[in-house]
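Structural overview
The chain contents come next:
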Amino acid sequence: MRYTKTFEVVAVECHVVTRAVLKTVSNLACIMADEAKANSWKEVEKLLTKGKTTQALSILRVIDPEGKESTTLRLAGEAIYKQASKSGSKSEYRKAAGLLRDAVRMNPRDKSANALNNQILNEMQDKGISTSSIPRLFNEGTPTPAGLFAIFAVFILIIASIQFLQSSSGSN
């Protein structure tokens, strides 16, 4: 009996040591992955300064396909913004503004993302490009003119459907 208990204690200690080693290895892998992303971001910034936006976007798609990092979103927004500036495409402006808005939401302290977001919003306003293709119905809780029209239209549709249901049930 005495040897069995000793074996159990040793097994438990080995399990704890194994967990600690695995945790250290996984932390090291995360650090290496973060370094790889940081190096890739630096490479993307170099490509953007050279004006190679398509290559920069392809690298960003490889290193962070879901767009979970605010730096990835900022760099993608910057690349698409440069493309939009060249082509003048409203949809590319909107896409870049959306990416930069998401980057600012993820990391509000990122000054370059904030500055770039403000710059693109100002440029869009100067060119008469709205931030969305569908007009906003509410702005900070207050209905816009489009919102008032939508509320009125929904109210009319509800009244018309109630009247239609009453007339169809009365004719049976």
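Here, the structure is the one placed above.
Below, the structure is looked at part by part. Values in this document were obtained by computation on a predicted structure and should not be read as measured data.

What to know about the overall build of the chain
When its secondary structure is counted, the chain shows 6 helices and 2 strands. Each helix and strand of the chain, placed in order from N terminus to C terminus, yields the pattern α-α-α-α-α-β-β-α. The 172 residues of the chain split such that 26% are buried. Long-range contacts, defined here as pairs at least 24 residues apart, represent 49% of the contacts in the chain between residues at least 6 apart.

Looking at the packing of aromatic side chains
Inspection of the entire model under this criterion finds 1 aromatic pair. With a centroid separation of 6.3 Å and an interplanar angle of 65°, the aromatic rings of tyrosine 81 and tyrosine 93 are classed as edge-to-face. Here tyrosine 93 lies in helix α4 (residues 90-106) and tyrosine 81 lies in helix α3 (residues 70-87), a separation of 12 residues in the sequence.

Here's the deal with the packing of α3 against helix α5 (residues 111-127)
Here α3 crosses α5 at 25°, and the two axes come no closer than 11 Å. Considering their axes alone, α3 and α5 lie roughly parallel with respect to each other. Taken as a pair, α3 and α5 cross one another with a handedness that is left-handed. Facing Arg74, Glu78, Tyr81 and Ser85 of α3, the residues of α5 in contact are Ser112, Ala113, Leu116, Gln119, Ile120 and Glu123. Residues that form the contact of α3 with α5 fall into these classes: 4 nonpolar, 3 polar and 3 charged.

Remarks on the environment of proline 135
As for its position among the elements, proline 135 is in the loop between α5 and β1 (138-139). Residue classification places proline 135 among the exposed residues on the basis of a relative accessible area of 55%. For the pair proline 135 and proline 145, spaced 10 residues apart in the sequence, the C-alpha separation amounts to 9.5 Å.

Concerning a nonpolar patch on the surface
A cluster of nonpolar side chains, Leu137, Phe138, Leu148 and Ile151, forms an exposed patch at the surface whose accessible area comes to about 380 Å². Note that leucine 148 resides in helix α6 (residues 145-170).

A short note on the nonpolar core
Within the largest apolar cluster, 27 residues are counted, with the highest numbers of intra-cluster contacts made by Leu60, Tyr93 and Ile120. Of all the elements in the fold, those that place two or more residues in this core are α1 (2-50), α2 (53-63), α3, α4 and α5. If sequence neighbours within four positions are ignored, isoleucine 120 has contacts with Tyr81, Tyr93, Ala96, Ala97 and Leu100.

Some points on the pattern of salt bridges
Taken as a whole and assessed by the stated rule, the structure comprises 5 salt bridges. Note that lysine 37 is salt-bridged to glutamate 69, the shortest N-O span being 3.7 Å. Here glutamate 69 lies in the loop between α2 and α3 and lysine 37 lies in helix α1, a separation of 32 residues in the sequence. Residue class for glutamate 69 comes out partly exposed when judged on its relative accessible area of 30%. A salt bridge links aspartate 110 to arginine 74; the nearest nitrogen and oxygen atoms lie 3.3 Å apart. Here aspartate 110, found in the loop between α4 and α5, pairs with arginine 74, found in helix α3; they are 36 residues apart in sequence, far enough to count as distant.

Notes on α2
Within α2, the full set of buried residues consists of Thr53, Ala56, Leu57, Leu60 and Ile63. Looking straight down α2, one finds its buried side chains confined to an arc of 130°; they lie on one side. Residues of α2 that are exposed and point over 90 degrees away from its buried face: Thr54, Arg61 and Val62.

A look at the packing of α2 against α3
Contact pair α2 / α3: the axes reach a minimum separation of 9 Å and the direction vectors enclose 155°. By the angle between their axes, α2 is roughly antiparallel relative to α3. Like other packed secondary-structure pairs, α2 and α3 cross with a definite hand, here left-handed. Residues Thr53, Thr54, Leu57 and Leu60 of α2 pack against Thr72, Leu75, Ala76, Ala79, Ile80, Lys82 and Gln83 of α3. Taken together, the residues of the contact of α2 with α3 sort by class into 6 nonpolar, 4 polar and 1 charged.

Cut-offs applied
Residues numbered from 1 in each chain as written. Predicted model: local features only at pLDDT ≥ 70, side-chain atom pairs only at ≥ 80, totals over all residues. Heavy atoms only, no water. Helix = DSSP H or I, 4+ residues; strand = E, 2+ residues; numbered from the N terminus. Buried < 20%, exposed > 50% of the residue type's maximum accessible area, 1.4 Å probe, protein only. Contact = heavy atoms within 4.5 Å. Phe/Tyr/Trp six-rings, centres within 6.5 Å; stacked < 30°, edge-to-face > 60°. Axes fitted to C-alpha atoms, helices over the stretch in contact; angles between N-to-C directions. Parallel < 35°, antiparallel > 145°, perpendicular 65-115°, else oblique. Left-handed = near helix turned anticlockwise from the far one by under 90°. Nonpolar A, V, L, I, M, F, W, Y, C, P; charged D, E, K, R; others polar. Patch = residues over 30% accessible without salt bridge, like charges linked within 9 Å, V, L, I, M, F, W, Y side chains within 5 Å. Areas by Shrake-Rupley, 256 points an atom, 1.4 Å probe, with all protein chains shown as cover. Salt bridge = Lys/Arg side-chain N within 4 Å of Asp/Glu carboxyl O. Core = buried A, V, L, I, M, F, W, Y, C linked by side-chain atoms within 4.5 Å. Arc of directions from axis to C-beta.

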